[in-house]
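Observations on the three-dimensional arrangement
One-letter residues, chain by chain:
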Amino acid sequence: MGNIFKAYDIRGAYPDELDESAAWKIGAALVKLLKAKSVVIGQDMRPSSSSLARAFAEGAISSGASVSDIGMATTPMLYYAIIEGNFDAGAMVTASHLPPGSNGLKLSREKAIPLSGAQGLPALERMVKEEWPEQPPIGASGGAPCTAPGSAALPAPETAPSGAARGSYRTISLMDTYIDTLAGFVHHPKPLKVVVDAGNGTAGPEVFALFEKIPDWTLIPLYTVPDGISPHHVANPLILSTLRDLQAAVIKEEADLGVAFDGDCDRCGFIDENGVKIPEDLVTALIAEFFLTREPGSTILYDLRSSKTVPGTITRLGGKAVRCRVGHAFIKARMRQENALFAGELSGHYYYRDTGFTDNAMYTMIQMLNYLALKNMPLSRIVLPLKKYSSTGEINLQVKDKDAIWAALETTYKDGQKDYLDGLTVEYKSWWFNIRASNTEPVMRLNLEAQELNTMEEKRDEVFKVIKKADPSLVLMA
């Protein structure tokens with residue numbers, strides 16, 4: 001088992017780092033850690049997801065849990081299942097937007113509260129390594145399938161935790177009730193044409209099911225058949241090259257909106273009617289405006305990398321803007337603390353109180369279409385007033401000496417207003433920047449924004465020079 005326990009979830013190369021043996025141990029340990037009597041599990045479309053899900057289920061059953069399997073699903077549907085079914089725990093087998101050779105697990109306790117590196121995952125990792133130092137026998141070579149849908153249990157492994165009464169297994173279907181719930185959030189729909197690129201991820205079936213319930217919407221589908229080898233492009237809307245087909249289709253079809261989902265449908269990106277990508281933080285501002293017209297005075301969270309347009313919009317409309325650190329576990333915890341209505345993250349994750357303080361890309365598409373119907377004008381015109389500042393976007397930096405970089409930036413910009421909520425943020429009257437170490441990759445991430453384009457470019461180059469002098473190994477990543 002490689003170093004698969006990350007800041008927010010479990011992920012690694014299959015099968016070299018994450019295999020069926022590891023999945024079995026994680027399933028068994030999660031049940032013991034949470035004292036869970038009931039567990040729900042889902043999986044994405046990757047070739048390895050089925051066998052990893054079966055192995056996880058075997059481990060959970062061996063520790064005495066009743067396992068309910070929703071099959072191939074989106075991560076938001078798994079969250080919905082945990083909350084609506086009152087499960088003690090949930091597991092989604094997915095590596096989200098990563099290439100097909102990777103896989104992982106997103107783990108939650110009751111109410112879809114995530115396990116993370118800050119809470120839960122370190123204890124789970126210790127339990128896995130201490131209680132099962134050797135590979136346990138897994139049913140039949142990594143977990144045999146159940147004998148029939150709804151069968152009582154998966155085949156038992158030859159060894160199980162001492163004294164554990166064996167649990168049970170069943171399959172359940174949630175698509176109809178989940179889509180009915182999502183459709184209930186559609187307000188006064190108007191005729192709109194939407195191009196959806198599901199990236200051959202798990203969003204495709206949900207997209208068709210939802211659009212069937214909203215006859216005013218016209219769907220132009222792209223890559224909606226789930227396929228774990230990503231035959232057209234990686235399902236990652238943050239990579240601009242993955243959006244080219246979507247942009248072309250929006251223009252060709254004269255659509256009102258283009259939507260791109262990631263592999264497990266917890267992130268999304270948007271294209272306006274001219275084929276132009278809408279920055280993720282401006283999407284936060286748009287949805288915040290829609291919500292505040294319906295629930296004035298609400299609390300809305302935004303991650304600290306977001307444009308100043310975001311808190312400015314929230315405050316202008318009478319909402320309470322709360323700045324928070326990056327990462328879904330931190331944002332979800334802060335949302336619960338503040339009872340926030342909505343939160344947006346620069347990574348394309350958008351979170352809602354309506355969905356149990358979880359991120360849901362399909363719900364986000366619904367809110368954007370609600371907003372377009374309310375405004376009754378092209379998206380490009382709606383966004384234009386929000387483009388007040390010039391931003392670098394998030395820049396990934398491959399470096400070797402992070403400590404030297406921190407020290408150099410703090411010294412160079414010692415007269416700026418600083419905070420350390422997440423990495424280092426330095427703010428001046430006409431510009432600001434944040435630099436932080438990634439929690440998921442061996443890089444540093446830089447965001448810089450200024451009131452004017454020439455100031456942004458000047459300060460961006462200036463910061464690069466400071467970093468390069470402190471660490472000559474600096475490489476700007478694509």
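Residues numbered from 1 in each chain as written. Predicted model: local features only at pLDDT ≥ 70, side-chain atom pairs only at ≥ 80, totals over all residues. Heavy atoms only, no water.

Looking now at the overall build of the protein chain. Helix and strand content of the protein chain: 14 helices and 23 strands. Relative to its length of 478 residues, the protein chain is compact, with a C-alpha radius of gyration of 23 Å against a globular reference of 23 Å. With respect to the three principal axes, the spread of C-alpha positions in the protein chain is 65 × 55 × 40 Å. Burial statistics for the protein chain: of 478 residues in total, 58% are counted as buried. Sequence separation of at least 24 residues holds for 68% of the intrachain contacts in the protein chain that already meet a minimum separation of 6. Total accessible area on the protein chain is roughly 19,100 Å²; 50% of this is exposed by carbon and sulfur atoms. Side-chain charges in the protein chain split into 49 positive and 57 negative, and the spacing between the mean points of these groups amounts to 5 Å. (Helix = DSSP H or I, 4+ residues; strand = E, 2+ residues; numbered from the N terminus. Rg over C-alpha atoms; globule rule 2.2 N^0.38 Å. Buried < 20%, exposed > 50% of the residue type's maximum accessible area, 1.4 Å probe, protein only. Contact = heavy atoms within 4.5 Å. Areas by Shrake-Rupley, 256 points an atom, 1.4 Å probe, with all protein chains shown as cover. Lys, Arg positive; Asp, Glu negative; His and termini not counted. Charge placed at Lys NZ, Arg CZ, Asp CG, Glu CD.)

Across a regular strand the side chains alternate sides, sitting on one face of the sheet and then on the other. The alternating pattern of strand 10 (residues 268–271) places Cys268 and Phe270 and Gly269 and Ile271 on opposite faces, both of which are buried. Where strand 9 (residues 257–261) meets strand 10, four bridges bridge the pair, whose relative direction is antiparallel. Opposite alanine 260, over in strand 10, you have glycine 269 as the bridge partner. Between the antiparallel neighbours strand 9 and strand 10 lie six residues, among them cysteine 265 with a positive phi of about 65°. Where strand 10 meets strand 11 (residues 277–278), two bridges bridge the pair, whose relative direction is antiparallel. What sits directly across from phenylalanine 270, in strand 11, is isoleucine 278. Turn length for the strand 10-strand 11 hairpin, with the two strands adjacent in sequence and antiparallel, is five residues, and the turn residue glycine 275 shows positive phi of about 85°. (Pairing = 2+ DSSP bridges.)

Glancing now at the sheet that holds strand 9. Taken in spatial order, the five strands make up an open sheet running 8-7-9-10-11, and their pairing is mixed. Of all the strands in the sheet, just strand 8 (217–222) and strand 11 have a single pairing partner and so form its edges. Taken strand by strand, helix 11 (residues 361–375) contacts strand 7 (192–197), strand 8, strand 9 and strand 10, and its axis lies near 170° from that of strand 9. (Axes fitted to C-alpha atoms, helices over the stretch in contact; angles between N-to-C directions.)

Turning our attention to the packing of aromatic side chains. Counted by the stated rule, this structure contains 17 aromatic pairs. Each ring, one from phenylalanine 291 and one from phenylalanine 342, has its centre 5.6 Å from the other, and the planes form 50°; the classification is tilted. Residue phenylalanine 291 is found in helix 8 (residues 280–294), and its partner phenylalanine 342 is found in strand 14 (residues 342–344); the two are separated by 51 residues along the sequence. Plain terms: the ring middles of tyrosine 413 and phenylalanine 433 are 5.4 Å apart, the flat faces sit at 65° to each other, and that makes the pair edge-to-face. (Phe/Tyr/Trp six-rings, centres within 6.5 Å; stacked < 30°, edge-to-face > 60°.)

Moving on, we get to the side chain of glutamate 280. By the secondary structure assignment, glutamate 280 is in helix 8. For glutamate 280, a relative accessible area of 8% gives the class buried. Engagement of the side chain of glutamate 280 in a polar contact is seen with the side chain of lysine 277, the distance being 2.5 Å. With residues up to four places along the chain from it excluded, the contact list for glutamate 280 reads Pro237, Leu238, Glu345, Leu346, Gly348 and Tyr350. (Polar contact = N/O pair within 3.5 Å; in protein donor to acceptor, adjacent residues only side chain to side chain.)

With that out of the way, let us pick up the confidence of the model for the protein chain. On average, the protein chain scores 93 in pLDDT, and the residues at 70 or more come to 93%. Within the model, the stretch residues 140–162 combines pLDDT values under 50 with 52 contacts to residues more than four positions away or in other chains. (pLDDT = per-residue confidence, 0-100.)

Formed by 68 residues in total, the largest nonpolar core has its most connected members in Val196, Leu210, Trp217, Phe261, Phe270, Met362 and Met365. Setting aside residues no more than four positions away along its own chain, phenylalanine 261 makes contact with Val196, Asp197, Ala198, Ala203, Val207, Ala235, Pro237, Arg267, Cys268, Ala361, Met362 and Met365. Within the second largest apolar cluster, 37 residues are counted, among which are Ala23, Leu105, Leu115 and Val128. (Core = buried A, V, L, I, M, F, W, Y, C linked by side-chain atoms within 4.5 Å.)

Quick look at the packing of helix 8 against helix 9 (residues 309–316) now. Look at helix 8 against helix 9: their axes get within 9 Å of each other, and the N-to-C directions meet at 10°. Judged by the inter-axis angle, helix 8 sits roughly parallel to helix 9. For the pair helix 8 and helix 9, the contacting residues are Asp281, Leu282, Thr284, Ala285, Ala288 and Leu292 in the first and Thr309, Val310, Thr313 and Ile314 in the second. In terms of residue class, the contact of helix 8 with helix 9 is built from six nonpolar, three polar and one charged. (Parallel < 35°, antiparallel > 145°, perpendicular 65-115°, else oblique. Nonpolar A, V, L, I, M, F, W, Y, C, P; charged D, E, K, R; others polar.)

What follows deals with the environment of arginine 109. Looking at the secondary structure, you find arginine 109 in strand 5 (residues 102–109). In this structure, the C-alpha to C-alpha distance between arginine 109 and leucine 30, residues 79 residues apart in sequence, is 9.1 Å. Dropping the residues within four chain positions of it, arginine 109 is found in contact with Leu34, Ile82, Asp88, Ala89 and Leu115.

Here we come to the pairing of strand 5. The buried fraction of strand 5 amounts to eight of the eight residues, a majority that puts the element mostly inside the structure. Residues of strand 5 alternate between two faces, with Ser102, Gly104, Lys106 and Ser108 on one and Asn103, Leu105, Leu107 and Arg109 on the opposite face, all of them buried. Taken together, the four bridges between strand 1 (residues 10–13) and strand 5 define a ladder with antiparallel strand orientation. Among the inter-strand pairings, glycine 12 is bridged to a residue of strand 5, identified as asparagine 103.

Where helix 1 (residues 20–34) meets helix 4 (residues 121–131), the axes come as close as 9 Å, and the angle between the chain directions of the two elements is 120°. Taken together, the axis directions place helix 1 and helix 4 in an arrangement best described as oblique. Of the two elements, helix 1 crosses helix 4, and the hand of that crossing is right-handed. Contacts between helix 1 and helix 4 involve Lys25, Ile26, Ala29, Leu30, Lys32 and Leu33 from the former and Ala123, Leu124, Met127, Val128 and Glu131 from the latter. Within the contact of helix 1 with helix 4, the residues separate by chemical class into eight nonpolar, no polar and three charged. (Left-handed = near helix turned anticlockwise from the far one by under 90°.)

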